Amino acid sequence: MTTTILQLLSFTILVVYLNHPGLVDATPDDSYWLLRIKSEFIDPFGALDTWLQETSMCTWNGITCGDDKSHIISLNLSNSGLNGAISQHFSKLTFLEILDLSLNSLSGPIPPDIGNLGNLKELRLFSNSIKGTVPPQIALLRQLEVFRIGDNLLTGEALQNIGALSELRVLGLAYCNFNGSIPKEIGNLKKLMFLDLQQNSFDGKIPVDISGCNELQSFAASNNRFEGRIPTSIGLLSSLQILNLANNSLSGAIPPELRHLSNLKYLNLQGNELGGEIPVELNGLDQLEILDLSRNNLSGNISLLNSNLRNLEVLVLSENLFTTIPATLCIKNSNLHQLFLADNNISGGFPEHILNCSSLHQLDLSGNSISGTLPPSLDSLQSLADLLLNNNSFTGEIPPQIGNMSNLNSLFFFGNMITGGIPLEIGKLQQLTTLYLYDNQMSGPIPRQLTNCSSLADLDFFGNRFSGSIPPTIGKLKNLVNLLLRQNELSGTIPSSLGYCRKLQRLVLADNMLSGSIPPTFGFLSELFLVTLYNNSLSGPIPESLHHLKNLSIVNFSHNRFSGSIAPFSGLNSLTKLDLTNNSFSGSIPLTLSTNLIRLRLAHNSLTGGIPLHFSQLKQLQFLDLSFNNLTGELDTDLSDLTTLEHFLLSNNGLSGPIPTWLGRIAELGELDLSSNNFSANIPPEIGNCSKLLKLSLRRNMLSGPIPPEIGNLYLLNVLNLQRNNLSGGIPPTIQQCRKLYELRLSENSLSGPIPPEIGTLGELQVVLDLSFNQLSDKIPSSLGNLMKLERLNLSSNKLEGEIPPSLGKLSSLHRLNLSSNHLRGQLLSTFAGFPSNSFLGNDGLCGQPLISCSELSLKARKRLSESQIVGIIVAIVFTSTLICLSLMYTMVRIWWNWRKVAISCSEKGGFEQKKEGEDWVYGEEIAKSSDHHFWNSNSMALVPSQSKQISDSDTARIFQFKWSSAAAKK
C-alpha cells in the first residue's frame, strides 16, 4: 500500500516537472520579474502591451535578449510615456547591460538595489521627475560606461564616490539640484569623454586633477557656483573640443595654457569674474569656431587676430571693459558670422574696418559710446541680417544706402541722437521684420514706402518727432504684430486700413495729436492684445465692433474726447486693464464687465447711476477708480470679496448714506478715497481692520461723530484726510500708533479738547499738520517740536491759549505756519520772524517780529487804559445829564397834568366861560395877534379864555399863580 502511494506521488511530480518546469525551479526567470515591473508602471500609451505571459519575452517591446534567449541584456523604454516609480525588481535582471528609462515621467527615488546589476554598462534615467539622492550603491557598478541621470529633481552630493567608476565614458548630471564639489578622484576616470555638470549648485574650485581625464572631449559645467581660477591643467586635455564654464564665479586671468587645446571648437567663459586682457595665445586655437567671453571684467586690447582664427564663426565679447576694436579683428574672406561687442566702453566714430567682415550675419555694437554719423558704406555688409547699433551716440541721418542691404532682418537704431527722416529707400527691404527707431530725434512724415516692407512684424518709433498722418496704406503690412508710435507729433485720423493688419497684437498710438473717431475696422483685429490711445484728441463713440476683440487684454483710451456709452467693453472677457479716464463717457456703468479685470479706471467722465452688483464678481480687481463722475446712491454693493483690491477711489461723486462696514474686510486695501461725496453718519471703526492702508481720505462729506480710536490700528498709514466734515469730540490719542503718517488733515470740523501731545511722536509728519477751524483748546503741546520733518503747520481758528512753546522754534523744515485766530499770548520766537504777520493775527496777546514789539504792545495797553478812563468819565457825565433831563421832563409833565386838571375843574364850576365857536385860544396878546399862524388848533386845550382881547399883566400873573398854587396844593 505504502509502496503504491510513493510510486504514484513520484509519477505526479514527474508529470508536473515535464509540463511546468518553472513551478519546480526555485529562481523565477527574467520574464517573471518583467511582468512584476510592468504591473508597477502606469502605461497610458500602451508601450508594454506586448508584454504578455503567453509570448516570448524576447519579442516584447524594448527588450533585447542574450544569445541563450533566457536572459535580457538590454531594456530600452525611452520616451514611452511611463509613470510611476522605478521598481526595485530591476535588480533581479542581473544579466542586464543597458537600462534606458529616459524621457518618461517617472518619480520616486533611484532604488539602492540597482547596485546589484553588476553587468550594467549603460544607465540612462535622464529627463524624468526622479527625486532623492544618488544611492552610494551606484559605486558598485564597476562596468558602468554611461551614467546619465540629468534633468531630474535629484539633490545631494552626486560625485562623492564617482572615482570608483573607472570605466565611465559619459557622465551626465546636468539640470538637477546637486551640490558639493568635484572630488580630486575625478582624475581616476581615464576613459571619460563627456562630463556634463550644467545647471546645478556645484561649488568649490575645479580640481587640477581634472587633467587626469585625458580622453575628455566635452566638459560642460556652466551655471553652477564654481569659484577660484581656471586651473592651468585644463590645458593638458588635448582631446577637448567643448569647454563650457559659463555663469560661475571664476576669477583671475584666462590661462594662456588653453592654447594647447588644439582640438577646441567651443569655448564659453561668459558670466564670470575674469579680468585682465585676452591672452594672445588664444590665437593658436585654429579649430575654434565659437568663442564667448562676454559678461566679465576683461579689458585692454582685443588681441584676437582673424587671420589666425580662420574657423571662428561666432565671437562674443559683450559686457566687458574694452575701449577699442582692433583693425586686425576683421579681414576679408573671414568666416566670422556673428560679432557681438555690446555694452563695452568703445568710443570714437563707427569702426569702418569691421566692414571688412563681409560674411557677417549679425553685428552688435549696442550700448557703447560710438558717435558720429553712420557710414554710407554700411551696405558693403551684404550678408548682414541683424544690425544692432542702439544705445550709442550716433548723430546725423540714416544713410539711404541702407536700402541696399537686402538681407536685413532686424534693424536696431534706438537710443541715439539720429535726426532727419526715414529714407524712402528703406521700402526696398523686403526681408525686414524688426525696425526699432525709438528714442531718437527723427522727424518728418512716416513714408508710405515703408509699407512696402511686407515682412515687417515689429515697428517701434516711440519718442521721436514724426509728424503728419499715419500712412493710409498701413494695412499692407499683413505680418505686423507690434505697431508702437507713441510720443510723436502725428496728426490726422487713424486709417481704416489698419484693421487689415490682422496679426496685430500691440497697438500703441498714445501721446500724439490724432483726432477723429476709432474706425469700425478695428473689429477685424482679432489678435489684438493691447491698445493704448491716451493723450490724443480722439472723439466720438466707441464702435460696437470692438466687442469682437476677444483677445483684448489691456486698453487705455484715457485723456481723449470720447463720448457715449462704454457698453462695447462689456463683452471682452479677456480684459485685464481698462483705463477710460478723462473723457466724456456718459450713461451707467455696464452691468457686466470682464471678471479678469485687474485695473478699472473710469474717472473724470459723466457716468451716472450706482456701482453695479456685478462688481462683487471682479475677484482679481486690484485698482478701482470711479472718481469725478456723477454716481449716486449708497454703497450697498458688498465688495468685501474683492480680496486683492488695493486702490478704491470714489471721490467727487454724489454717493450718499453711511460708509459701509464691509470695507474693513478688504485686507489688501492700500488706498481709500471717498472724499467729496455726501456720505453721512459715523466713520465705521471697522476701517481700522484695513491694516495695509496707506492713504485714507474722507474729506468734504457730512460725516459726524467722533474719530474712531481704531484709526490707530492703521500702522502703515501715510495720509489721513478728514477735513470739512462735522466730526466732533477729541482727537484720539491712538493716532500716535500711525507712526508712518506724513500728512494729517483734520481741519474744518468741530473737534474739541486739547491737541493730544501724542501727535508729537509722529516723527514722519512732513507734508502738513492741519488742525485749523475746529474748537480745540488748551495750550499747544510742546511735543510738536519733535516733528523735525514738518513743512506746514496750521492750527488757526481754534481756541488755543497760553504761550507758543519754544520747542516749535526747532522745526527747521517748517516753511508755512498759521497760528492765527486763537487766544495765544506772549513773545514770538525769533525763529518766527521770517513768517508773514498774518500767520499770527487774531491773537491779541502775541508780540514780537513779525508783529509789533512787546514794548509797543505794553504802551498800547497803557494807552488803552487812559482812553478807557476818559471814556468812563464821559459816559458818567452823559449818564448823569440824561438823568437830570429825564427828571426835569418828568416834572414838566406833572405840572402840565395838574394845570389840565385845574382847567377842567374851573370850567365845570363856571370859573371860566366856554369860548365861542371859531374863537381862538391864546396865551397872550402877541400870540393873539398872530392870526395867520395857529400853534394850537381849535381842538387844543387852552389855559385862559379870550373873552376880552385885553388882559392885563396882573391878570396873567394871577392865572399862573393860581396854576402853581394848585399844583403845590396837590403835592
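Use the structure listed above.
Since the model is a prediction, treat every value here as computed from it, not as a measurement.

Undergrad: With reference to specific residues and values, describe the packing of aromatic side chains.
TA: Applying the stated criterion to the full structure yields 18 aromatic pairs. Here Phe178 and Phe202 contribute two aromatic rings whose centre-to-centre distance is 6.3 Å and whose plane-to-plane angle is 25°, an arrangement assigned as stacked. Within this pair, whereas Phe178 is found in strand β11 (residues 177–180), its partner Phe202 is found in strand β13 (residues 201–204), the two being separated by 24 residues in sequence. Phe202 sits in the buried class, given a relative accessible area of 0%. What links up through ring pairs into an aromatic cluster is the set Phe412, Phe414, Tyr436 and Tyr438. Note that Arg148 overlies the ring of Phe126, its terminal NZ or CZ placed 4.0 Å from the centroid. For the cation-ring pair, Arg599 lies above Phe623, with the distance from its terminal atom to the ring centre recorded as 4.5 Å.

Undergrad: Outline the side chain of Ser839, listing residues and values.
TA: Counting through the fold element by element, Ser839 comes out in the loop between β63 (823–827) and β64 (845–847). Setting aside its immediate chain neighbours within four residues, Ser839 contacts Leu817, Asn818, Leu819 and Ser820.

Undergrad: Residues and numbers for the sheet that holds strand β17 (residues 249–252), please.
TA: Across the sheet, eight strands lie side by side as β7-β9-β11-β13-β15-β17-β19-β21; this open sheet has parallel pairing. The strands lining the two open edges of the sheet, one partner per strand, are β7 (131–133) and β21 (297–298). In terms of strand pairing, strand β15 (residues 225–229) meets β17 through three bridges, oriented parallel. Opposite Arg229, over in β17, you have Ser251 as the bridge partner.

Undergrad: Residues and numbers for unusual backbone geometry, please.
TA: The peptide bond linking Gln849 to Pro850 adopts the cis configuration, its omega dihedral lying at 10°. Mapping Pro850 onto the fold places it in the loop between β64 and α4 (854–909). Unlike most non-glycine residues, Asn247 shows phi in positive territory, near 60°. Residue position: Asn247 is located in the loop between β16 (242–244) and β17. At Ser821, a position not held by glycine, the phi torsion is positive, near 55°. Mapped onto the elements, Ser821 comes out in the loop between β62 (816–818) and β63.

Undergrad: Break down the nonpolar core for me, with residues and values.
TA: One finds Phe219 and Phe557 to be the most contacted residues of the largest nonpolar core, which totals 240 residues. Sorting elements by how many residues they give to this core places helix α3 (residues 30–40) first, with three residues. Every residue in contact with Phe557, bar those within four places of it in the chain, is listed here: Ile518, Val531, Leu533, Tyr534, Ile542, Leu546, Phe562, Phe569, Asp579, Leu580 and Asn583.

About the thresholds
Residues numbered from 1 in each chain as written. Predicted model: local features only at pLDDT ≥ 70, side-chain atom pairs only at ≥ 80, totals over all residues. Heavy atoms only, no water. Phe/Tyr/Trp six-rings, centres within 6.5 Å; stacked < 30°, edge-to-face > 60°. Helix = DSSP H or I, 4+ residues; strand = E, 2+ residues; numbered from the N terminus. Buried < 20%, exposed > 50% of the residue type's maximum accessible area, 1.4 Å probe, protein only. Lys NZ or Arg CZ within 6 Å of the ring centre and 35° of its normal. Contact = heavy atoms within 4.5 Å. Pairing = 2+ DSSP bridges. Core = buried A, V, L, I, M, F, W, Y, C linked by side-chain atoms within 4.5 Å.

Worth remembering: the numbers are spatial, not functional.
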